[in-house]
Amino acid sequence: MDVNCTDSMQRLSGFINKRRALLLVMMAIAVPYGLLMLRFSLRNDQTLYFLPVRVYMRDAFLHHEFMQWNPFLSGSYPIHSDMHGSVWNPISILLTWLFNYNDTTFSIELLLYYLIGGVGCFYFSRNFSRNLYSCVVVAVIYGCGGFATYILEFMSWVSSLAFLPWAVHFFYLLLTRRRLVPAIGLAISLWLLLVCGYPSFLIYAGYCFVFIGLAYGWRLWVLQGRGEVGRLAGYGILTLLFFVLLSLPAIRSFYEYLPYYSRGTRTTDAHINSEAFAWNYPLSLLFPVAGTLVRGSDLYIGLAPLLILIGGRWKKPVLRFRDWVLLTGFGFTLLFALGRSTPVRMWSARELPLMDAFGFSHSVGVFLLFVLFIWLLPKLDILFSGERRLRDLSYAARVAVVVLLVYLVAGYGRVVFRTNLVRIFYYSSALWQLALLLVLCFSGRIFLTTRRLFFFILVDLVISVGIVAPLTGFTLTSPGVYNRSVAVFYHSDAGDLLFDTAAKMKVIRGYDMRRQVNAFKVTGRWDFPSHTRSDTFANYIAVGRRYDSLLARPFVFAGNGVKLQVHRVRLGYNAIDVDVEAADSCQMVLQQTWYKRWRSAEGVPSAYEGVFLSVPLKAGENRVHLFYYTRDLCIEAGVSILVLLVLIGVVIGRYWKRVKGQAGCREAPFFV
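Reading guide: rules and limits
Residues numbered from 1 in each chain as written. Predicted model: local features only at pLDDT ≥ 70, side-chain atom pairs only at ≥ 80, totals over all residues. Heavy atoms only, no water. Helix = DSSP H or I, 4+ residues; strand = E, 2+ residues; numbered from the N terminus. Rg over C-alpha atoms; globule rule 2.2 N^0.38 Å. Contact = heavy atoms within 4.5 Å. Areas by Shrake-Rupley, 256 points an atom, 1.4 Å probe, with all protein chains shown as cover. Lys, Arg positive; Asp, Glu negative; His and termini not counted. Charge placed at Lys NZ, Arg CZ, Asp CG, Glu CD. 1 Å grid on protein atoms, 1.4 Å probe; cavity = no way out; pocket = protein on both sides within 12 Å on 5 of 7 lines; lining within 4 Å. Points joined across faces, edges and corners; volume = space filled by probe spheres on them. Nonpolar A, V, L, I, M, F, W, Y, C, P; charged D, E, K, R; others polar. Buried < 20%, exposed > 50% of the residue type's maximum accessible area, 1.4 Å probe, protein only. Pairing = 2+ DSSP bridges. Core = buried A, V, L, I, M, F, W, Y, C linked by side-chain atoms within 4.5 Å. Axes fitted to C-alpha atoms, helices over the stretch in contact; angles between N-to-C directions. Phe/Tyr/Trp six-rings, centres within 6.5 Å; stacked < 30°, edge-to-face > 60°. Lys NZ or Arg CZ within 6 Å of the ring centre and 35° of its normal. Salt bridge = Lys/Arg side-chain N within 4 Å of Asp/Glu carboxyl O. Polar contact = N/O pair within 3.5 Å; in protein donor to acceptor, adjacent residues only side chain to side chain. Parallel < 35°, antiparallel > 145°, perpendicular 65-115°, else oblique. Patch = residues over 30% accessible without salt bridge, like charges linked within 9 Å, V, L, I, M, F, W, Y side chains within 5 Å. Disulfide = S-S within 2.5 Å. Expected span 1.5 Å × (residues − 1).

Novice: Tell me about the overall build of the protein chain, and please be specific about residues and values.
Specialist: From N to C terminus, the protein chain includes 27 helices and 10 strands. For the protein chain, the C-alpha radius of gyration of 28 Å lies close to 26 Å, the compact-globule estimate for 672 residues. Across its three principal directions, the C-alpha atoms of the protein chain cover 100 × 65 × 45 Å. Sequence separation of at least 24 residues holds for 77% of the intrachain contacts in the protein chain that already meet a minimum separation of 6. Of the roughly 29000 Å² of accessible surface on the protein chain, 63% is carried by carbon and sulfur atoms. For the protein chain, the distance from the average site of its 65 positive side-chain charges to the average site of its 38 negative ones is 12 Å.

Here it is as structure tokens:
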């Protein structure tokens, strides 16, 4: 190492410390997403489902209820059993309880998940590198890379992205240290993955942890004997116990709802069969917009990190046991992500429990990133330690220029652009990527200091968010438009539309998804934004003209045609009160889907035509009270909260004990 390089590294080391590194990670993630969210709104699934659910939760809090049942969305169904819902999500609960939730709050929550994921990936990286620059680069890749921008319109995927690195981080600590705090951290991370995220991430993470745990356990048995293996197994069982206790109400809710929706067997599902290998998938490593043009995923990790990974040199070129395990998992995951192009996905759906319970095979692409990060970090360490191999980087950049040009020329005229805006972003991204590669072709002369290369990588990733995110998750509608729609919703009254069928039809047919959030106090609406909606209602209205006849009826009617005079209806999120006068004894039908948790004074209500809530009326005045039974869920939620507080108390106690033991140190690390 020459003197100039040593001086450069000394100045670089003085520039950053751990706090500055974390601040840099958060700024690199918050600035591009935040600027876009100030002007544009999130689109598709975000405004069709994820935002409306939180708006309904806020409305329930305003009426002094905690929403377990949604009487309006998807024909009415138990929202606490929806695995995409936010009923058990602690972050959503706090935000909807404290604020009048709207599109702006929704964007803040989404941004918070990206920040949590970036910080988690930073601490995960610290397990494999002590170089802060390397850790910052990997964390920013995780928060601003191709996969992060590709999933922008799926809130449950983004929330999974937030807690997955924490789960991987604590799992690694559990394997290597075999102590109580990593076990607690892993249990809490898995709980948050379950209640906040998309099920596929937790399921696949569970299989990865079992596979790596067994491989590491066998290695530990060979090197240190069965004593350490028993200790590892003990903490693993303790982690599972903590996870179950924390997740009790969610697990019960999800499990009891399984018979009511068909999202269970997906071996022949259209989602799997529609996913196949396309050259856009690997080309997204060079050209991020390529991954958005097909049903696949975007794996962009930045041009310089990619070229460093491919063309950089290893400190230890010999593959170790860990590398072989990671290589096996990487290969299986890659084949799995390609859907029907390989037999791995179909075999997994048929043979492995729970692997047939979700579609979107490419969602596991995030697991490939963790393996790439583990292999990338040693090469970044070499580069940022001053032992620069920029000549290798420039050679790899020249090859990448040729590959990208061949792809652009071969695809010219074949790419189908949905709008002119997509066309503009496509060619803008192509020119930007070529410009970056040309700079990297002369990296040996331009990046004379490590700091220049470091900030070049960050700028590349931040700008890629501005280019790709508008194509994957934003609409031109401003947040203020949706905020006004939400404000109207909070001031609306369900009673206005329960009996005025003309007004109800006007609301349904006049819905404009470009200006209105998909939240209305209209019952019996055919709207299935979530795949975990009740099949009971969906299958019923799919026959003939049942849906039209249902909309033409009031909220309450008699099944045998007896005349009813309704004096009052109170439709809540967990209870229904009806004051009604019947000309004769009959069965009163309510436009609410039957579910086994509904109760009345006579017990469990019956199901009219096997679909709707129905209760008997006697001739004359009747006062009907229906309530949604949640006592068992409340008890289990209380147990989960108590366990969470105890676990947090144990972690804090261990932390302060550690701080006192390191009173003479400048920094007492907690998560590292």
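Novice: Give me the layout of surface pockets: which residues, what numbers.
Specialist: A probe matching the size of a water molecule, rolled over the atoms, marks out where space remains unfilled. The calculated volume of the largest pocket comes to roughly 1300 Å³. If you go around the largest pocket, you meet 43 residues; those closest to its centre are Leu202, Gly206, Leu240, Phe243 and Leu354. Of all the secondary structure elements, the ones that give two or more residues to the lining of the largest pocket are helix H8 (155–177), helix H9 (180–196), helix H10 (199–224), helix H11 (226–246) and helix H12 (248–257). Class assignment for the residues of the lining of the largest pocket results in 32 nonpolar, 9 polar and 2 charged. In this structure, the second largest pocket occupies an estimated 990 Å³ of space.

Novice: Just give me the short version of the environment of leucine 438, but keep the residues and values in it.
Specialist: Mapping leucine 438 onto the fold places it in helix H20 (residues 420–441). Residue leucine 438 is classed as partly exposed on the basis of its relative accessible area of 48%. In sequence terms leucine 438 and leucine 383 are 55 residues apart; their C-alpha atoms lie 20 Å from each other.

Novice: Outline unusual backbone geometry, listing residues and values.
Specialist: Phi at histidine 64 takes a positive value of approximately 60 degrees, unusual for a residue other than glycine. Position of histidine 64 relative to the elements: it lies in the loop between helix H3 (45–62) and helix H4 (90–98). The exposed category is assigned to histidine 64, whose relative accessible area is 75%.

Novice: Explain the sheet that holds strand S10 (residues 620–628) residue by residue, including any values.
Specialist: Read from one edge of the open sheet, 4 strands run S4-S5-S10-S7, paired in antiparallel fashion. Each edge of the sheet is formed by a strand with only one pairing partner; in this case those strands are strand S4 (564–571) and strand S7 (598–599). Across 8 bridges, the pairing between strand S5 (residues 575–582) and S10 is antiparallel. Bridge pairing links valine 578 to valine 624 in S10.

Novice: Any chance you could break down the environment of methionine 355 for me, citing the residues and the numbers?
Specialist: The residue methionine 355 is located in the loop between helix H17 (343–351) and helix H18 (365–384) in this model. It is 8.8 Å that separates the C-alpha atoms of methionine 355 and arginine 345, two residues lying 10 residues apart in sequence. If we skip the residues at most four places from it in the chain, methionine 355 touches Ile203, Tyr204, Tyr207, Phe336, Arg345, Ser348 and Ala349.

Novice: Residue-level account of the nonpolar core, with values.
Specialist: Tyr33, Tyr114, Phe122, Val136, Val366, Leu440 and Met588 are the most contacted members of the largest nonpolar core, which totals 214 residues. When residues no more than four places from it in sequence are discounted, the contact partners of phenylalanine 122 are Lys18, Ala21, Leu22, Val25, Leu132, Cys135, Val136 and Ala139. Listed in part, the 16 residues of the second largest apolar core include Tyr540, Leu551, Phe557 and Val611.

Novice: Explain the sheet that holds strand S6 (residues 586–593) to me, using residue names and the numbers behind them.
Specialist: The antiparallel open sheet is built from 4 strands, whose spatial order is S3-S6-S9-S8. Lying at the two open borders of the sheet, with one neighbouring strand each, are strand S3 (556–558) and strand S8 (606–608). Shown here is a sheet whose adjacent strand axes are inclined to one another by a mean of 45 degrees, direction ignored. Where S8 and strand S9 (residues 612–617) come together, 3 bridges link them in antiparallel fashion. Residue pairing across strands places serine 606 opposite serine 614, the latter belonging to S9.

Novice: Please give an account of the packing of aromatic side chains that cites residues and values.
Specialist: Evaluated as defined, the whole model comprises 50 aromatic pairs. Pairing tryptophan 157 with phenylalanine 201 gives two aromatic rings, centres 5.8 Å apart and planes at 75 degrees, and the pair type is edge-to-face. Placement of the pair is tryptophan 157 in helix H8 and phenylalanine 201 in helix H10, with a sequence separation of 44 residues. Comparing tryptophan 157 with phenylalanine 201, the two get one shared label, buried. An aromatic cluster of three or more residues is present, and its members are Trp69, Tyr257, Tyr260, Tyr261, Tyr595, Trp598 and Tyr628. The lysine or arginine in question, lysine 521, covers the ring of phenylalanine 489, its NZ or CZ lying 5.0 Å from the ring centre. Note that arginine 553 overlies the ring of phenylalanine 557, its terminal NZ or CZ placed 4.3 Å from the centroid.

Novice: Before we move on, can you summarise the pattern of salt bridges with the specific residues and values?
Specialist: Two side chains bearing opposite charge may form a pair once their charged atoms approach each other closely. Under the counting rule described, the total for this entry stands at 13 salt bridges. Between glutamate 65 and arginine 570 there is a salt bridge, with its nearest N and O atoms 3.8 Å apart. Residue glutamate 65 is located in the loop between H3 and H4, and its partner arginine 570 is located in strand S4; the two are separated by 505 residues in the primary sequence. For arginine 570, a relative accessible area of 34% gives the class partly exposed.

Novice: If you had to explain the side chain of lysine 521 to someone new, which residues and values would you point to?
Specialist: Here lysine 521 shows up in the loop between helix H24 (501–509) and helix H25 (535–541). Engagement of the side chain of lysine 521 in a polar contact is seen with the side chain of aspartate 59, the distance being 3.3 Å.

Novice: Explain the packing of helix H6 (residues 132–144) against helix H22 (residues 450–472) to me, using residue names and the numbers behind them.
Specialist: Contact pair H6 / H22: the axes reach a minimum separation of 10 Å and the direction vectors enclose 10 degrees. By the angle between their directions, the pair H6 and H22 is classed as roughly parallel. Contact residues: Tyr133, Val136, Val137, Val140, Ile141 and Cys144 in H6; Phe454, Ile457, Leu458, Leu461, Ser464 and Val465 in H22. Split by residue class, the contact of H6 with H22 holds 11 nonpolar, 1 polar and no charged.

Novice: A description of a nonpolar patch on the surface should follow, citing residues and the corresponding values.
Specialist: There is a patch of nonpolar side chains on the surface, built from Leu23, Met26, Met27, Val31, Leu35 and Leu38 and spanning about 590 Å² of accessible area. By the secondary structure assignment, leucine 38 is in helix H2 (residues 18–39). Residue leucine 38 is classed as exposed on the basis of its relative accessible area, which comes to 69%.

Novice: Lay out the state of the cysteines with the relevant residues and their values.
Specialist: A covalent bond between the sulfur atoms of two cysteines is referred to as a disulfide. Enumeration over the complete set of coordinates arrives at 0 disulfides. This cysteine, cysteine 144, is not joined by any disulfide, and cysteine 121 carries the nearest cysteine sulfur, 11 Å off. For cysteine 144, a relative accessible area of 0% gives the class buried.

Novice: Describe helix H23 (residues 479–491), with residues and values.
Specialist: Its 13 residues place the ends of H23 19 Å apart at the C-alpha level, agreeing with the 18 Å of an ideal helix rising 1.5 Å per residue. Those residues of H23 that sit buried are Pro479, Val481, Tyr482, Asn483, Ser485, Val486, Phe489 and Tyr490. Close packing links the buried residues of H23 with H2, strand S1 (41–42), H3, helix H5 (103–126) and strand S2 (474–475).

Novice: Quick rundown of the pairing of S6? Include the residues and the values.
Specialist: Every other side chain in a regular strand lies on the same face of the sheet, so the side chains alternate between the two faces. Within S6, 7 of the 8 residues are buried, which leaves the element mostly enclosed by the surrounding structure. Relative to S6, S3 runs antiparallel, the two being bridged by 3 bridges. In the strand pairing of S6, phenylalanine 557 is matched with valine 589. Bridge analysis of S6 against S9 gives 6 bridges, and the strand direction is antiparallel. Following the sheet pairing, threonine 593 is matched in S9 by phenylalanine 612.

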